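Architecture at a glance
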Amino acid sequence: MTVARGRAYTGTVSAQPLLVVVDYDAGNLRSVERALAHAGMAATVSADPAELARARGAILPGVGAASDTMAKLRARGLEGPLREFIASGRPFLGVCMGLQALLDRSEEGGGQECLGVLPGEVRHFGFERLKVPHMGWNQVAWTREHPIMAGIADGAWFYFVHSFYPAPADPALTLGETTYGFTFPSVLARGNVAATQFHPEKSGAAGLRLYANFAGWVREAAGA
Amino acid sequence: MLTKRIIPCFDVDRGRVVKGVSFVELRDAGDPVELARLYDAEGADELVFLDITASSDDRATVYDMVAATADQVFIPFTVGGGIRATVDMKIMLELGADKVSVNTAAVASPELVNEGAWRFGSQCIVVAIDAKRAGDGWEVYTHGGRTPAGIDAIAWAREVVERGAGELLVTSMDADGRQRGYDLALLRAMSEAVNVPVIASGGAGGPAHMAEALTEGRADAVLAASIFHFGTHSIREVKEALAARGIPVRPVEPPAGG
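One numbering rule holds for all chains: residues counted from 1, following each sequence as written. As a convention, the first chain written is A and the first ligand written is 1, with the rest following in written order. Restriction of local features to residues with pLDDT of at least 70 applies here, the model being predicted, together with a cutoff of 80 or more for giving and counting side-chain atom pairs; totals for whole chains, interfaces and linings are based on all residues. Based on all heavy atoms of the structure, the side-chain values leave hydrogens and waters out of the count.

This part covers the overall build of chain B. Under the DSSP-based scheme used, a helix requires at least four consecutive residues in state H or I and a strand at least two consecutive residues in state E, with every element numbered from the N terminus. From N to C terminus, chain B includes 10 helices and 11 strands. C-alpha atoms define the radius of gyration in this analysis, and the globule rule sets the expected value at 2.2 Å times the number of residues to the power 0.38. Against the 2.2 N^0.38 benchmark of 18 Å for 258 residues, chain B shows a C-alpha radius of gyration of 17 Å, consistent with a compact globule. Overall, the C-alpha framework of chain B stretches about 50 × 45 × 30 Å when taken along its three principal axes. What makes two residues a contact is simply this: any of their non-hydrogen atoms within 4.5 Å. Sequence separation of at least 24 residues holds for 64% of the intrachain contacts in chain B that already meet a minimum separation of 6.

This is the structure we're talking about:
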């Protein structure tokens, strides 16, 4: 896949940021930013609610624990701005912990209230026979069409690292499924919100294509 | 289905890959970024860089290498060697490494594993265990395999996982460098002792050895250096051989088009 690097937004202070990667001190921010640049869209990594409010699209990345994620989002005053952004209808992508944070609650750490943007909860794999975390490359079977999966093969391979999985209350939220011990929803989407349990920034060409698709969705929604 | 991972490992000295990687198509066989891109295209599932830079004065060279790799390579990679404190972990992860690997420093101060897992998450803390047969079991060695630590390798594996290690990189010092196969009993004992992924290292001579490590040895991933670097076997060849034996692997994608 050949992609142009670093076109679109060039990052001056006065310009309106097209795409913001929400900075809450999650370890993999730079990886997400680099993959987006490689996929043809420069993004602004920012913890500034004002910048998020002006963005035309946003990504919530993440690794680590749900309680830590929610605590950091709250400490940085980002919980409200995130809800407002999502309610505004602009394209939003959650990645890994950024997916789990969108649901109502997580079993992690004895129970953690999350953003409640999507109905459902996050559960522990709790296997005895299979290893936890689910770590490595696994396939995604798409259950329907969506702008972020355009041109990505059914059964494409993505890189996963997680011990908890999403259990949405409404099966209609599922966009893609993966099997590890049992089949779980690995991609969710509803309206302007999409989210992946895997890490597109570490999933080679298929992951870069997903980010390019999201960038295209943002541009289209922004009329850019 | 979750696939078994094939992981090439590079030794890096002052930001350059050493131990002769021989590929005719390479312009610069010492350039970690070019090598990483090549192995990515070849179907590598992850990469491991082991920094063997002796002088701490040259530490910045590996920082540049990690940042440059992260700019160009979009599969997971681990950096080991010289990680002595959580600040070293933080630097590597912020520069773009996905995981850090600790060995000697973890033996010297096991709390490093707890602190790393607590601050950055278990998923990015790999504990490398160099094990050598001793009686009925295996003993842990540190300092690049030079110093016996006087502790049982299986007990150590259990302890570091309890402390928060997300993955174990298990090298058999008896098998390493001989290309006669991995120490399957060691791998199996490790895999039965812990519930985190085990990466098999030391002894790969070809796809048949890797297949044994992944089945009989119950490893989740196999790491190899020489057989890939010297071009004895390509990653594609290994994956095809494993797939033919019914071992799940991520197929090598056809060369990228437009």
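There's plenty left to go through after this.
A word on the environment of B:Arg236. Residue and element names in this part refer to chain B. Relative to the helices and strands, Arg236 is located in helix α10 (residues 235-244). Along the backbone, Arg236 and Ala44 are 192 residues apart, and their C-alpha atoms lie at a distance of 8.5 Å. Setting aside residues up to four positions removed in sequence, Arg236 forms contacts with Glu42, Val252 and Glu253.

Right, let's get into helix α8 (residues 207-215) of chain B. Burial classes follow relative accessibility: with a 1.4 Å probe on protein chains only, a residue under 20% of its type's maximum area counts as buried, one over 50% as exposed, and anything between as partly exposed. For α8(B), the full list of buried residues reads B:Pro207, B:His209, B:Met210, B:Ala211, B:Ala213 and B:Leu214. Contacts made by the buried residues of α8(B) are with α7 (184-193), β10 (198-201), β11 (221-224), α9 (226-229) and α10 of chain B.

Per residue, pLDDT measures the predictor's confidence, with a range of 0 to 100. Overall, the prediction assigns chain A a mean pLDDT of 90, with 92% of residues at 70 or greater. This model gives residues 1-14 of chain A a pLDDT under 50, and the stretch forms 30 contacts once residues within four places in sequence are excluded.

This next bit is on the interface of chain A and chain B. Residue-level contacts link 34 residues of chain A with 39 residues of chain B. Buried area: the accessible area, evaluated with a 1.4 Å probe, that two parts lose upon being put together, summed over both parts. In this assembly, chain A packs against chain B so that about 2700 Å² is buried in total across both faces, 51% of it on carbon and sulfur atoms. Among the residues chain A hides against chain B, the three largest losses belong to A:Arg34, A:Lys131 and A:Trp137. Together they make up 28% of the total. Between Lys or Arg on one side and Asp or Glu on the other, a salt bridge is scored when a side-chain nitrogen of the former is within 4 Å of a carboxyl oxygen of the latter. Applying the counting criterion to the chain A and chain B interface returns three salt bridges. Those elements giving two or more residues to the side of chain A that touches chain B turn out to be α1 (29-38), β8 (134-142), β9 (156-162), β11 (174-180) and α6 (204-222) of chain A. Broken down by element, the side of chain A that touches chain B gets its largest block of residues, six residues, from β8(A).

The next subject is the environment of A:Phe127. With respect to the element layout, A:Phe127 can be found in the loop between β7 (120-124) and β8. Separated by 36 residues in the primary sequence, A:Phe127 and A:Ser163 have C-alpha atoms spaced 9.9 Å apart. Discounting chain neighbours no more than four positions away, the residues touching A:Phe127 are A:Val132, A:Tyr180, A:Gly181, A:Phe182 and B:Asn195.

All names here are of chain A. Any two strands with at least two DSSP bridges between them are considered paired. Strand order in the open sheet made by the four strands is β6-β5-β7-β10, with mixed pairing throughout. Two strands lie at the open edges of the sheet, namely β6 (112-113) and β10 (164-168), each paired on one side alone. The sheet contact formed by strand β5 (residues 105-106) and β6 spans two bridges and is antiparallel. Within β6, the position partnered with Ser106 by the bridge is Gln112.

Quick look at the state of the cysteines now. In this description, a disulfide is simply a cysteine sulfur pair whose atoms lie within 2.5 Å. Enumeration according to the criterion identifies zero disulfides over all chains in this entry. Just so you know, A:Cys114 is unpaired, no disulfide at all, and the nearest cysteine sulfur is the one on A:Cys96, 13 Å from it. With a relative accessible area of 7%, A:Cys114 lands in the buried category. The thiol of B:Cys9 is not disulfide-bonded; the next cysteine sulfur, from B:Cys124, is found 18 Å away. Accessibility expressed as a relative area gives 10% for B:Cys9, which makes it buried.

Let us look at the nonpolar core. Here the nonpolar core consists of buried residues drawn from Ala, Val, Leu, Ile, Met, Phe, Trp, Tyr and Cys, with membership extended through side-chain atoms lying within 4.5 Å. Among the nonpolar cores identified, the biggest contains 76 residues, and B:Leu47, B:Leu168, B:Tyr182, B:Met190 and B:Met210 are the most heavily contacted of them. Not counting residues within four places of it along the chain, the set of residues in contact with B:Leu47 comprises B:Ile7, B:Pro8, B:Phe10, B:Ala36, B:Tyr39, B:Val73, B:Ile75, B:Pro76, B:Phe77 and B:Thr78. The next biggest cluster of nonpolar side chains, apart from the first, holds 47 residues, and it includes A:Ala43, A:Ala167, A:Tyr211 and B:Phe74.

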